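One letter stands for each residue in the lines below.
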Amino acid sequence: MNTKKELFDKLDGQQIEKFTITNDHDVSVSAITFGATLEEFNVPGPDGKPTNILVTVPTSEELMKNQFFCQAIGRTAGRISNGTFKINGKAYHVDQNEGTTTLHGGPHGFNTQIWDGAFDGDTIVFTKHINSSDDSFPGNIDVKITFSLNNDNELTVTFSGKSDADTLFNPTQHMYFNLSDGGDINGHSLQINADHYLELNSNKTPSGKKVAVDDTPYDFRDGQNLKVGIADMKAEVGHSYDEVFEINDHQDDEPIAKLSDPETGRSVSISSKRNALVVFTPDDLSGSNFMIGKGGPYMAIALEAQNLPDTPNHDDFGDVTLPAGEEKTYSIKYKVEF
Ligand SMILES: OC[C@H]1O[C@H](O[C@H]2[C@H](O)[C@@H](O)[C@H](O)O[C@@H]2CO)[C@H](O)[C@@H](O)[C@@H]1O
């Protein structure tokens with residue numbers, strides 16, 4: 001296992017650092033301190049050259065455009081309706097960044113912060129103290145995000161939070177994958193361990209209704225080709241995937257989803273103990289300066305393991321409260337095969 005720290009770029013005069021871990025199979029992971037962003041998850045290509053299976057952009061400036069490319073998301077992933085929620089009966093209102101909705105932690109979420117970075121052995125450790133006055137959520141919170149890679153080609157991202165007042169904590173990593181060698185994701189296949197998805201309002205906040213996936217393009221239980229799925233979605237629903245799947249009860253280490261590319265033989269299995277996976281297949285990501293030249297339609301699929309969004313506004317969505325003084329930790333594991 002090798003580690004390396006280098007300068008990535010500068011943002012507003014501040015140095016953005018890049019931390020890289022490489023394992024014994026030439027799989028490597030690089031994260032930068034702006035937005036706790038994963039810039040690279042490389043596997044050896046057929047010619048032995050590193051092939052990045054993440055779709056992201058090459059500068060901090062471009063990350064600022066807010067597409068959330070492979071960035072850390074928090075305090076709360078997904079949308080909070082009207083930026084309003086209650087914790088133990090007390091009402092809170094946080095800053096909105098999408099009309100009346102708070103998306104991905106609002107305008108000052110984890111993805112907008114410059115994190116303090118260091119190695120702890122082979123593990124990349126990013127920390128940040130975020131005041132309530134910085135992001136409008138209740139409680140001053142200490143957050144730690146770690147990225148580790150083992151010799152089984154497993155990347156684990158771990159989020160820990162501790163706040164001095166009751167707050168919400170539902171973080172994720174906004175991973176955009178493309179397992180091809182320069183193509184799109186149309187030939188990829190996706191399997192998800194989910195019997196239900198959430199019905200969404202026109203502003204993409206959950207209506208509260210959970211819908212069975214049976215006989216719909218939302219049924220990924222036995223695996224589904226994405227081109228077929230997207231075409232069926234467009235025909236039956238009117239748009240491609242930007243959906244919240246409720247993950248079935250499962251063993252802790254049983255993957256919740258697997259993305260595979262039959263053409264390159266690459267796959268990523270995602271493990272998480274939480275109850276949701278967001279799947280987002282943007283129709284066209286042209287216009288950004290992508291790291292690996294995969295511009296155009298269906299160049300990436302975002303897979304975001306998290307708790308069901310808008311949690312406190314729905315009785316049966318679970319609990320993402322972080323009580324004052326308690327520490328909560330969530331991990332997401334990505335196992336790559338090639
Ligand atoms: O501005 C970029 C895109 O922002 C939204 O997409 C988000 C999507 O709705 C979420 O479910 C997912 O978790 O994150 C996406 C990135 O923020 C807009 O809906 C989309 O139209 C924009 O292209």
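Scoring rules and cut-offs
- Residues numbered from 1 in each chain as written.
- Predicted model: local features only at pLDDT ≥ 70, side-chain atom pairs only at ≥ 80, totals over all residues.
- Heavy atoms only, no water.
- UniProt positions renumbered as here; feature names shortened; annotations may be inferred.
- Helix = DSSP H or I, 4+ residues; strand = E, 2+ residues; numbered from the N terminus.
- Buried < 20%, exposed > 50% of the residue type's maximum accessible area, 1.4 Å probe, protein only.
- Pairing = 2+ DSSP bridges.
- Axes fitted to C-alpha atoms, helices over the stretch in contact; angles between N-to-C directions.

Where an unreviewed UniProt entry is consulted, the protein chain appears under the name Maltose epimerase, with the organism given as Lentilactobacillus parabuchneri. Word for word, the UniProt comment on the protein chain under Function (unreviewed entry) is "Catalyzes the interconversion of alpha and beta anomers of maltose." Per its UniProt entry, the protein chain bears the Sequence similarities (unreviewed entry) comment "Belongs to the aldose epimerase family."

Some thoughts on unusual backbone geometry
The peptide bond linking G74 to R75 adopts the cis configuration, its omega dihedral lying at 5°. Mapping R75 onto the fold places it in the loop between β6 (72-73) and β7 (79-80). Here the phi dihedral of H104 falls at roughly 50°; this positive angle occurs in a residue that is not glycine. Residue placement: H104 occurs in the loop between β10 (102-103) and β11 (116-120). Using a relative accessible area of 7% as the deciding quantity, one classes H104 as buried. The phi torsion at D215 lies on the positive side, around 60°, for a residue other than glycine. Among the secondary structure elements, D215 is positioned in the loop between β20 (206-212) and β21 (224-225).

Digging into the sheet that holds strand β17 (residues 175-177)
With respect to topology, six strands assemble into an open sheet ordered β17-β26-β25-β22-β19-β20, the strand pairing being antiparallel. Two strands in the sheet have a free side with no partner beyond their single neighbour: β17 and β20. For this sheet the average axis-to-axis angle between neighbouring strands, irrespective of direction, equals 30°.

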